[in-house]
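What follows is the residue order along each chain.
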Amino acid sequence: MKIAIAGAGYVGLVTGVVFADLGNEVICVDIDPAKVDAINKGQSTIYEPGLDELLQRNLEEGRITAMTDLQRATREAEVVFICVGTPPSETGEPDLKHVEAAAAAIGQALNGYKIIVNKSTVPVGTGDRIRRIIEQHRREPHDFDVVSNPEFLREGSAVHDTLYPDRIVIGADNPRAAMKIVELYAALERPMLITNLATAEIIKYASNTFLALKISFINAIADLCERTGADVTQVAKAMGYDSRIGHAFLQAGLGFGGSCFPKDVQAFAHTMQRYGLDPTLFQQVLAINDARPVQFVERMRARLGGLQGRTVGLLGLSFKPNTDDIREARSLEVIRLLLQEGATVKAYDPVAMPRVQAIYPAVLYCRNAYEVAENADALALITEWNEFRQLNFERIRDSMRQPNLFDGRNLYDPQRMRKLGFYYYGIGRAAENSEFKTVL
Ligand code: UGA
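Residues numbered from 1 in each chain as written. Predicted model: local features only at pLDDT ≥ 70, side-chain atom pairs only at ≥ 80, totals over all residues. Heavy atoms only, no water.

Draft legend 1. Structural context of the nonpolar core. Among the nonpolar cores identified, the biggest contains 63 residues, and Phe296, Leu314, Leu338, Phe388 and Tyr412 are the most heavily contacted of them. Top element by residues in this core is helix α13 (residues 330–340). It accounts for five residues. One finds Ile3, Tyr10, Cys83 and Leu188 within the second-largest nonpolar core, a separate group that totals 40 residues. (Core = buried A, V, L, I, M, F, W, Y, C linked by side-chain atoms within 4.5 Å. Buried < 20%, exposed > 50% of the residue type's maximum accessible area, 1.4 Å probe, protein only. Helix = DSSP H or I, 4+ residues; strand = E, 2+ residues; numbered from the N terminus.)

Rendered as structure tokens:
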């Protein structure tokens, strides 16, 4: 099949490369000429395991190319995917200007029946809007269909998630269009759900919001554990064995960041309001998440008797391991709070330091975890990169001014850390931190 893909970001590029690998002819389109050049040279503009190899192979075999001209790509394609960004606007609602611009260009270029598939995360009703924009811009009355095909890939495992999705959702009001997209995905042999446009659009937000809700739920339980002498990691483990609950996304800690959950939950709350429904549940998911870094820093302040003049070392800055993405990263909020209270902040991250440095030049960036720990009054784990799992904690303890360890992701064994002579604080693990216990 001949496919054009508007937007060569995470979703667009990975989707394009995977479709090419399945034997389709793919044109990736991006407004950024530098990105287009890089793709045509076989260099993906994002870091994703396996992506470069797939891109190079499909370039060599002539199944994928990149250009800046969406109208030209549309004229050549049977199916046009929209994979552009929908960043939050000032109100917290997604800004749809890139989606609208893509729809207008596709409309202008329409030269025969085409299927326009939206993969960008958009509020329910946007598919209809795309349809209207194309109708307004088309020069001749060619027929077309709009399909919603939400994306569920995660950063850091984008290629794997695209090749082996848990499910493929195809929302179309015309069965003919849906069947064509089913054909495109058939080779993956994964479960497919065919539904209408509005349903598919809601599935995306409902899924992300539910995952975020699980995280905030367990973090709320963590607070209770902290006050009652319980251990949230064991609560989560036992809950997870119930197959109706599952273990995934029940890790208490500093909460969720990234380019998706925070903005999607907020957008979904707006959608509820727009339809006259109560958004409280979703607003609460965000409120609990926002409180995590504040409480974490409060714990440090209590332990250190104030933060003014103290040195705090941070391990990990990216919003999760295996990515250099720092959008809505918890580290940013922790740094802001620490600096505001007069602490000296040291930090190390395997890949995300340059990005954070651009925002917080005052932080002392280090070459490794050991340098971060040197002369620090507290060491805080923010992102659970693998390389932080097996550190030499004797060496760390000996080089710190005071051996205080704040584990923002419950990565370490509290008993082991205490035996080593650390004061250890883990989130919702009051069995080890009885000072936070409330006796009623
Ligand atoms: C998320 C979804 O998982 C994808 O399915 C979806 O396609 C994507 O958003 C999107 O809408 O584009 P992603 O943002 O890459 O993917 O990251 P996740 O791996 O889901 O992690 C999100 C955040 O939750 C991270 O900050 C992580 O540290 C945090 N988290 C995750 C927890 O705090 N606890 C957990 O138990 C799990």
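Draft legend 2. Broad picture of the sheet that holds strand β11 (residues 364–365). If you trace the six strands from one edge of the open sheet to the other, you get β11-β10-β9-β12-β13-β14, paired in parallel fashion. Only two strands of the sheet have a single neighbouring strand rather than two, namely β11 and β14 (423–426). The pairing of strand β12 (residues 378–381) with strand β13 (residues 404–407) spans three bridges and is classified as parallel. The residue of β13 that forms the bridge with Ala380 is Phe406. (Pairing = 2+ DSSP bridges.)

Draft legend 3. Structural context of the sheet that holds strand β1 (residues 2–6). Strand order in the open sheet formed by eight strands is β3-β2-β1-β4-β5-β6-β7-β8, and the pairing between neighbours is mixed. Edge positions in the sheet fall to β3 (64–67) and β8 (192–195), since each of these pairs with one other strand and no more. When the angles between neighbouring strand axes are averaged without regard to direction, this sheet yields 20°. Strand direction decides the pairing type here: strand β6 (residues 144–148) and strand β7 (residues 168–172), joined by two bridges, are antiparallel. (Axes fitted to C-alpha atoms, helices over the stretch in contact; angles between N-to-C directions.)

Draft legend 4. Local environment of the packing of aromatic side chains. By the definition in use, this model includes 13 aromatic pairs. Ring geometry for Phe296 versus Phe406: centroids 6.3 Å apart, planes at 90°, classification edge-to-face. Of this pair, Phe296 sits in helix α12 (residues 280–304) while Phe406 sits in strand β13, and the two are 110 residues apart along the sequence. Summarising the burial analysis for this pair, Phe296 and Phe406 share the class buried. Measuring from ring centre to ring centre gives 6.4 Å for Phe296 and Tyr425, while their planes differ by 45°; the resulting arrangement is tilted. Here Phe296, found in helix α12, pairs with Tyr425, found in strand β14; they are 129 residues apart in sequence, far enough to count as distant. This pair shows no difference in class: Phe296 is buried, exactly as Tyr425 is. Three or more aromatic residues link up through ring pairs in this structure, and these residues are Phe296, Phe406, Tyr423 and Tyr425. When the ring centre of Tyr423 is taken as reference, the NZ or CZ atom of Arg303 above it lies at 3.9 Å. (Phe/Tyr/Trp six-rings, centres within 6.5 Å; stacked < 30°, edge-to-face > 60°. Lys NZ or Arg CZ within 6 Å of the ring centre and 35° of its normal.)

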